Amino acid sequence: AKGFTLIEITIVLFIVGLMIAGLLGPLETQLEARDRAATERAMDEVVEALYGFAITNGRLPCPDTDGDGNENVGTCAASGFIPWVDLGSPQGDAWDNRFTYRVTAEFTTIDSDGVCNGDTIAEFDLCSDGDISIQTRGDNPATSPAVEGKATPAVASGVPAVIVSHGRNGFGATTTGGIARPAAPGGNGDELENTNGDANFMSRVFTRENAGCADNNDESTPLCEYDDIVKWLSPALLNNRMVVAGQLP
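Residues numbered from 1 in each chain as written. Predicted model: local features only at pLDDT ≥ 70, side-chain atom pairs only at ≥ 80, totals over all residues. Heavy atoms only, no water.

Chemist: Would you explain the overall build of the protein chain in this entry?
Modeler: Within the protein chain, the secondary structure is distributed over four helices and seven strands. Ordered by position from the N terminus, the helices and strands of the protein chain form the series α-β-α-β-β-β-β-α-β-β-α. When the 249 residues of the protein chain are sorted by exposure, 43% land in the buried category. Taking the contacts inside the protein chain whose residues are at least 6 apart along the sequence as the reference set, 58% of them involve residues at least 24 apart. With an accessible surface of roughly 12,500 Å², the protein chain has 59% of that area assigned to carbon and sulfur atoms. (Helix = DSSP H or I, 4+ residues; strand = E, 2+ residues; numbered from the N terminus. Buried < 20%, exposed > 50% of the residue type's maximum accessible area, 1.4 Å probe, protein only. Contact = heavy atoms within 4.5 Å. Areas by Shrake-Rupley, 256 points an atom, 1.4 Å probe, with all protein chains shown as cover.)

Rendered as structure tokens:
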């Protein structure tokens, strides 16, 4: 009986390889979408847990800065990790990285006098104003009808607290095991913005890696890879829940 020649076997293997390669792309996309959806659900749980903590304790929790899952009240740094033990919430995202958490200092102190004095006394009252701002990338309505696509309009300001998942690439994240992951490349300015420790954050649509990219306003270059997920507490909703719960004013 005549068998397959080496050339025929090579052709068959080549065709099978092409079929497998064609399947891997859609599969990777589906897995990415699944993990992002799971992470968003976990982050929504964290946001609700933060609202619940504020209603119960009259303030927002301090960040966890030593990785034990408990808030560090004594120092109460502005940035750290979600205090998942205190919140009873997920510790991290679908890629086993801890959620970054930043909070405005005023909101971590109980209102002691019931007076709406805002920044005069650093405590959480109805006049408290968050120091966190969120920007995105897209058309700036102030320059209509031009469509820039790389402008950075603000989407939220005066935010009391924000949480960040650093996505699948994990740039700047810390794993749930406490291991620091590599920082984002220099051109990935938007992901670097979410790890530099200041009160400004960038939230934009998912973008895959692009050669010759730059996260700036230059329309001649593509945007760099971005897979962070950013969620924040609404100051109006937080105040409303605190008033309904009898914690404010």
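There's plenty left to go through after this.
Chemist: Even after reading the chapter, I still don't get the state of the cysteines, so can you show me in this structure?
Modeler: One covalent bond between the sulfur atoms of two cysteine residues makes up a disulfide. A full pass over the atoms with the stated rule returns two disulfides. Across the disulfide from C62 sits C76; the S-S distance is 2.0 Å. A torsion of -95° about the S-S bond marks the disulfide between C62 and C76 as left-handed. Here C62 is found in the loop between α1 (6–57) and β1 (79–81), whereas its partner C76 is found in the loop between α1 and β1, with 14 residues between them in sequence. C76 sits in the partly exposed class, given a relative accessible area of 25%. (Disulfide = S-S within 2.5 Å.)

Chemist: Whenever I open this one, the nonpolar core confuses me. Can you help?
Modeler: Across soluble globular proteins, nonpolar side chains show a tendency to be buried alongside one another. By size, the foremost hydrophobic cluster in this structure holds 25 residues, and its most contacted members are L50, L60, I82, Y101, I163 and L238. Counting residues per element, the ones that place at least two in this core are α1, α2 (84–87), β2 (100–103), β5 (161–165) and α4 (235–244). For this core, the element with the highest residue contribution is α1, accounting for nine residues. I134, A156, V164 and F201 belong to the second-largest nonpolar core, a separate cluster that totals eleven residues. (Core = buried A, V, L, I, M, F, W, Y, C linked by side-chain atoms within 4.5 Å.)

Chemist: Explanation requested: the sheet that holds β5 in the structure shown.
Modeler: Where strands meet in a sheet, backbone hydrogen bonds hold them as pairs that are either parallel or antiparallel. Within the open sheet, the four strands sit side by side as β1-β2-β5-β7. Their pairing is antiparallel. Because the sheet does not close on itself, it has two edges, and the strands there are β1 and β7 (229–232). Shown here is a sheet whose adjacent strand axes are inclined to one another by a mean of 25°, direction ignored. (Pairing = 2+ DSSP bridges. Axes fitted to C-alpha atoms, helices over the stretch in contact; angles between N-to-C directions.)

Chemist: Mind showing me how you'd approach the sheet that holds strand β4 (residues 154–159) here?
Modeler: Pairing in this open sheet of three strands is mixed, and the strands run β4-β3-β6 from one edge to the other. Two strands lie at the open edges of the sheet, namely β4 and β6 (200–202), each paired on one side alone. The sheet shows a mean angle of 15° between the axes of neighbouring strands, taken without regard to direction. Two elements, strand β3 (residues 132–135) and β6, share three bridges in a ladder whose sense is parallel.

Chemist: In this structure, what is going on with α4? I would like to understand it.
Modeler: The periodicity of an α-helix, 3.6 residues per turn, causes residues three or four positions apart to be oriented the same way. Among all positions of α4, only L238, N239 and M242 are buried. Across the axial projection of α4, the buried residues extend over an arc of 95°, all falling on one side. Within α4, the exposed residues directed more than 90 degrees away from the buried face are A236 and V244. After α4 finishes, the residue G246 shows a positive phi value of roughly 85°. (Arc of directions from axis to C-beta.)

Chemist: Looking at this structure, I do not really get the environment of T195. What am I missing?
Modeler: Structurally, T195 can be placed in the loop between α3 (189–193) and β6. Considering only alpha carbons, one finds T195 and A183, twelve residues apart in sequence, at a separation of 8.3 Å. Leaving out residues up to four positions away in the same chain, T195 has contacts with H166, F171 and G172.

Chemist: Can you help me understand the pattern of salt bridges in this one?
Modeler: Once the charged atoms of two side chains with opposite charge are near each other, the side chains can pair. Enumeration according to the criterion identifies nine salt bridges in this entry. Among the ionic pairs, K231 bridges to E40, the shortest N-O distance being 3.3 Å. Within this pair, whereas K231 is found in strand β7, its partner E40 is found in helix α1, the two being separated by 191 residues in sequence. Notably, a salt bridge pairs D190 with R137, separated by 2.9 Å at the nearest N-O pair. With D190 in helix α3 and R137 in the loop between β3 and β4, the pair connects residues that are 53 residues apart, well separated along the chain. Residue D190 is classed as buried on the basis of its relative accessible area, which comes to 2%. Residues joined in a network through salt bridges with shared partners are R137, D190, R204 and D215. (Salt bridge = Lys/Arg side-chain N within 4 Å of Asp/Glu carboxyl O.)

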